[in-house]
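Structural description and commentary
Listed below, chain by chain, are the residues.
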Amino acid sequence: MTRNVQWEVVIGLEPHAQLQTKSKIFSGSSIAFGAEPNVQANAVDIALPGVLPVLNREAVVCAIKFGLAVGATIAPRSVFARKNYFYPDLPKGYQISQFEVPVVSGGGLNIRIGSGDTATEKFVRLTRAHLEEDAGKSLHEDFHGRTGIDLNRAGTPLLEIVTEPDMCSSAEAVAYAKALHALVQWIGICDGNMQEGSFRCDANVSVRRPGEPLGTRREIKNLNSFRFMQQAIDFEVQWQINEIEEGRAIRQATVLFDPATGETRSMRSKEDAHDYRYFPDPDLLPLEIRQDWIAEVRSGLPELPQAMQQRFATEFGLSSYDAAMLTATRATAKFFEEAVAATGKGAGSAKLCANWIMGELAARLNKADMPIEASPVSAAQLAGIIRRIADNTISSKIAKDVFEVLWAGDGKDADAVIEARGWKQITDTGAIEALVDEVLAANQKSVEEFRAGKEKAFNALVGQAMKATRGKANPQQVTDLLKQKLGG
């Protein structure tokens, strides 16, 4: 349950995007994934006495890109702070982050909840986005009851993106997380790999009765799957409602989600800002970002998803739903534009391209668990299929057979496959009329049923005609001739 007449749900998210730099935020160590433990941790990362941090310029560029993409304010002067807490995987005993003056403030993101005609849109406000370093990682397996510490991640650059508590269901939270996940990849600041920890979310969840002040929130940490996020929030919401209805108070806490049980469990009491004893880091000068630097970064941004959606609707006459689906990822948008261009028919073929990309191609990619960048059928090959549908060389049914051959890698392009297999559509009116006469003569029962008012009998006759030509007859010509001869 996420919302009913008795309860309202309030959700804010704090995603962490690992920035796509070559080195860490305050040192020159690599951030490449998969290295042996502790081989990518230098003197700065392990906090040897006397070492000093040096800010990675590219991490700041990533933050500026994000701020511009969400319509936020880029602070001309922001400050790094020390966030003090003690964990074995935090070598310095504090994390370098930003507190009072973050690099990005405000802005927001439009999200789409649901699909098709029933989809709704919502604007989720952002509070801030700030730069910080990641901690190391505690390893509990294969250490004979002891814990190992891997500091390869210590100092990895992160952008923590904090929303206002604008979401009121797990569906809205997941829709926002997916939109943000797509955006940070679109603008090239994060690879979005959730399995490797490049994109993960914390969710602040509370419930209240309508009209009451905000309830006490509990923070679900380190959600690295959209499915887990939905399950975790739904469980947490129902747990909080049950607790309050049974007369128990909700205590502020940090909780973890256990995918095996589908439940959240408390990890520790939730700290407030004063518990971390923030103060400006004396080893780092304030970060100053001039307007000419912002202008330089802005000039390098790609066309953003929302602008591209509007262009697709205007330029190609697509529905808002189709435009949104085709701009779900930058790779999908690129594939669509390449396919439309390769048909040589511009806007005239755009809807057909959209239907094939969102239909046949998407289904095969999902089944193979494959991104569109790895599609065995290229945009140019798909365009070849669409050209032959448009000029009536093949029917839509044969087009699917051509697609299957290209998917299997057994053909160079649509024309080669059609020629090699003799799949050209029969469009000669005389040949189709002779075929229709044969079908009518051989299926008198269906003819009588149609004349008696049974519409399904007509479809059966069309099916028999198409079967006789193994799908190569032009379906529209078959339909028209049948209607003409039957007086329909």
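Our structure is the block above this text.
Attention here is on the structure that accompanies the text. This one's a predicted model, so the numbers in the text were calculated from it and none came from an experiment. (Residues numbered from 1 in each chain as written. Predicted model: local features only at pLDDT ≥ 70, side-chain atom pairs only at ≥ 80, totals over all residues. Heavy atoms only, no water.)

**Structural notes on the overall build of the protein**
Rules: Helical segments are the DSSP runs of H or I of at least four residues, strand segments are the runs of E of at least two, and each set is numbered from the N terminus. All radius of gyration figures rest on C-alpha atoms, and the globule criterion is 2.2 Å times the number of residues raised to 0.38. In this description, contact between two residues means that some pair of their heavy atoms is separated by no more than 4.5 Å. Working definition of accessibility: Shrake-Rupley area with a 1.4 Å probe, residue cover restricted to the visible protein chains. When charges are counted, neither His nor the chain ends are considered; positive counts come from Lys and Arg and negative counts from Asp and Glu. A single reference atom marks each charge: NZ on Lys, CZ on Arg, CG on Asp, CD on Glu.
Within the protein, the regular secondary structure consists of 15 helices and 17 strands. Taken over the C-alpha trace, the protein has a radius of gyration of 29 Å; the compact-globule value for 488 residues is 23 Å, which it surpasses by more than 25%. Considering only C-alpha atoms, the protein reaches an extent of 95 × 55 × 50 Å along its principal axes. In the protein, the proportion of contacts linking residues at least 24 apart, taken out of those at least 6 apart, comes to 68%. About 23900 Å² of surface is accessible on the protein, with carbon and sulfur atoms providing 50% of the total. Side chains of the protein carry 55 positive and 62 negative charges; the gap between the two charge centres is 2 Å.

**With respect to the pattern of salt bridges**
Inclusion rule: Whenever Lys or Arg places a side-chain nitrogen within 4 Å of a carboxyl oxygen from Asp or Glu, that contact is recorded as a salt bridge. Throughout, exposure labels follow a simple rule: accessible area from a 1.4 Å probe, protein chains only, divided by the maximum for the residue type, with under 20% read as buried, over 50% as exposed, and the rest as partly exposed.
Counted under the stated rule, the structure contains 24 salt bridges. We note a salt bridge from E172 to K122, for which the minimum N-O separation is 2.7 Å. Taken together, the residues E172 in helix 2 (residues 170-186) and K122 in strand 8 (residues 120-133) connect sequence positions 50 residues apart. E172 gets classed as buried once you look at its relative accessible area, which sits at 12%. What makes K122 partly exposed here is its relative accessible area of 21%. With a shortest N-O distance of 2.8 Å, R311 and E337 are connected by a salt bridge. Taken as a pair, R311 in helix 5 (residues 305-316) and E337 in helix 7 (residues 330-343) lie far apart in primary sequence, 26 residues in all. On the accessibility criterion, R311 (22% relative accessible area) is partly exposed.

**Examining helix 10 (residues 396-407)**
Formally: In this analysis, the expected span of each helix is defined as 1.5 Å times one less than the number of residues it contains.
For helix 10, which comprises 12 residues, the first-to-last C-alpha distance of 16 Å matches the rise-based estimate of 16 Å (1.5 Å per residue) to within 8%. When helix 10 is considered as a whole, its buried residues turn out to be I398, A399, V402, F403, V405, L406 and W407. Phi turns positive, to about 80 degrees, at G409, one or two residues after helix 10.

**Structural notes on unusual backbone geometry**
Backbone geometry places D369, a non-glycine residue, at a positive phi of 50 degrees. Looking at the secondary structure, you find D369 in the loop between helix 8 (347-368) and helix 9 (379-390). In this model, N392 sits at a positive phi of 65 degrees, which is unusual for a non-glycine residue. Here N392 shows up in the loop between helix 9 and helix 10.

**So, the packing of aromatic side chains**
Test applied: In this analysis, rings of Phe, Tyr and Trp, with Trp reduced to its six-membered ring, are considered paired at centre separations within 6.5 Å, and the interplanar angle assigns stacked below 30 degrees, edge-to-face beyond 60, and tilted for intermediate values. Whether a charge sits over a ring comes down to the Lys NZ or Arg CZ being within 6 Å of the ring centre and within 35 degrees of the ring normal.
Summed over the entire model, instances satisfying the criterion amount to 11 aromatic pairs. Where F228 meets F257, the ring centres are 5.9 Å apart and the plane angle is 50 degrees; that geometry is what we call tilted. Taken as a pair, F228 in helix 3 (residues 226-245) and F257 in strand 14 (residues 253-258) lie far apart in primary sequence, 29 residues in all. Joined through ring pairs, the aromatic side chains of Y85, Y87, F99, Y276 and Y278 make up one cluster. Directly above the ring of Y276 sits K83, whose terminal nitrogen or CZ lies 4.5 Å from the centroid. Seen from the ring of Y94, K92 lies directly overhead, with NZ or CZ sitting 5.6 Å from the centre.

No statement about biological role is implied by the geometric values presented.
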